[in-house]
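# Observations on the three-dimensional arrangement
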Amino acid sequence: MARDSCDKPRIMKARVTVTLKTGILDPQGKAIEGALRSLGIEGVASVRQGKVFDIEIEGSDRAQAEALLKQAADKLLANTVIENYRVEVLG
Amino acid sequence: MKAAVLVFPGINRERDMARTLKLVCGREPAMVWHAETALPAGTDLVVIPGGFSYGDYLRCGAIAARSPVMDAVRAFAGKGGLLLGVCNGFQILCEMGLLPGVLMRNENLRFICREVYLRVERADTAFTGGYSAGQVIRVPVAHGEGNYIADGESIARLEGEGRVMFRYCSPDGMVDPNWNHNGAINAIAGIVNERGNVLGMMPHPENYVEAAIGPTDGRGLFAGLTTHLSKAA
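The structure contained in this document is the topic of the report that follows. Quantities reported herein were computed from a predicted structural model and do not represent experimental measurements. (Residues numbered from 1 in each chain as written. Chains lettered and ligands numbered in written order. Predicted model: local features only at pLDDT ≥ 70, side-chain atom pairs only at ≥ 80, totals over all residues. Heavy atoms only, no water.)

## Structural notes on the overall build of chain B
Check the secondary structure of chain B and you find five helices and 11 strands. Relative to the compact-globule value of 17 Å for 233 residues, chain B shows a C-alpha radius of gyration of 16 Å, a close match. Reported as C-alpha extents along the three principal axes, the dimensions of chain B are approximately 45 × 40 × 35 Å. Put simply, of all contacts in chain B between residues at least 6 apart along the chain, 75% involve residues at least 24 apart. Accessible area for chain B stands at about 9,300 Å²; split by element, carbon and sulfur atoms hold 50% of it. Averaging the positions of the 22 positive and the 23 negative side-chain charges in chain B gives two centres separated by 4 Å. (Helix = DSSP H or I, 4+ residues; strand = E, 2+ residues; numbered from the N terminus. Rg over C-alpha atoms; globule rule 2.2 N^0.38 Å. Contact = heavy atoms within 4.5 Å. Areas by Shrake-Rupley, 256 points an atom, 1.4 Å probe, with all protein chains shown as cover. Lys, Arg positive; Asp, Glu negative; His and termini not counted. Charge placed at Lys NZ, Arg CZ, Asp CG, Glu CD.)

Structure follows, in structure tokens:
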């Protein structure tokens, strides 16, 4: 067995989802909602848009990865004045 | 006055700002690159100009707000130093947490590039001493995300403490939804922090200072700052 593959650092896949807080106006979501309606896609009650960050984390400690992602979201990925975020370590 | 103008990748109004500072305040400002870790000695005004720092990636101003020079800027403001953010500069100040709230996408979803009227709410501040309270001034705006919003408590505090410096208004000074171009709450165009030494505003006073290119209503802000700093010295 090749030594290299054994030494390769383990990578965990993770996802941070950032969404607007309830009550914050979302003009972009409204525009998307209108566009869906004009495309004839029926039954859409409302649209809120957000962001998804797919992040790769070195190591295999899930708790540590979650803590790191929360720090990243608080410090940069989300503006917690108007946005909520959700952190998932997908493994 | 010893001004410093911060420069980030993607900023494009720094030369307008430098030209105005030289023209109205009488001294060429220092241009300070974002990777610096200190401001020039003796700096008494820091200006964050407009533009599209880091291409507005992530959120407008989010990445610039976290650049190396900002520790020095935060310390400068913490000691009472005068800090002015225009347009992207206002967005950056909000992202730094030096001003409350956030600038959202304009209500009509359009980039707005036009002349607007502003009502100067008070003249007894470091930034607005060159105007009179209630005066209506004409200045340009150019932004896609200028729709100011904050939580109810922050807005109540801003209003209660008289920290709204400029509001979008009609030519005769009335606050009216038809003249509130970007949909900002309470037609807010510019605010200061609690201490009154940090001003963020969306419009560009630096672009209306020379009679050769139009109105000169922007001069008052820079003239007021110069007077304030010369008194303080």
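## Brief notes about the packing of helix H1 (residues 14–25) of chain B against helix H5 (residues 219–232) of chain B
Residues and elements named next belong to chain B. Where H1 contacts H5, the axes come no closer than 9 Å and their chain directions differ by 60°. Compared by their axis directions, H1 and H5 come out oblique. As H1 packs across H5, the resulting crossing turns out to be right-handed. Across from Met17, Thr20, Leu21, Leu23, Val24 and Cys25 in H1, the residues of H5 making contact are Arg219, Phe222, Ala223 and Thr226. Residue composition of the contact of H1 with H5, grouped by class: seven nonpolar, two polar and one charged. (Axes fitted to C-alpha atoms, helices over the stretch in contact; angles between N-to-C directions. Parallel < 35°, antiparallel > 145°, perpendicular 65-115°, else oblique. Left-handed = near helix turned anticlockwise from the far one by under 90°. Nonpolar A, V, L, I, M, F, W, Y, C, P; charged D, E, K, R; others polar.)

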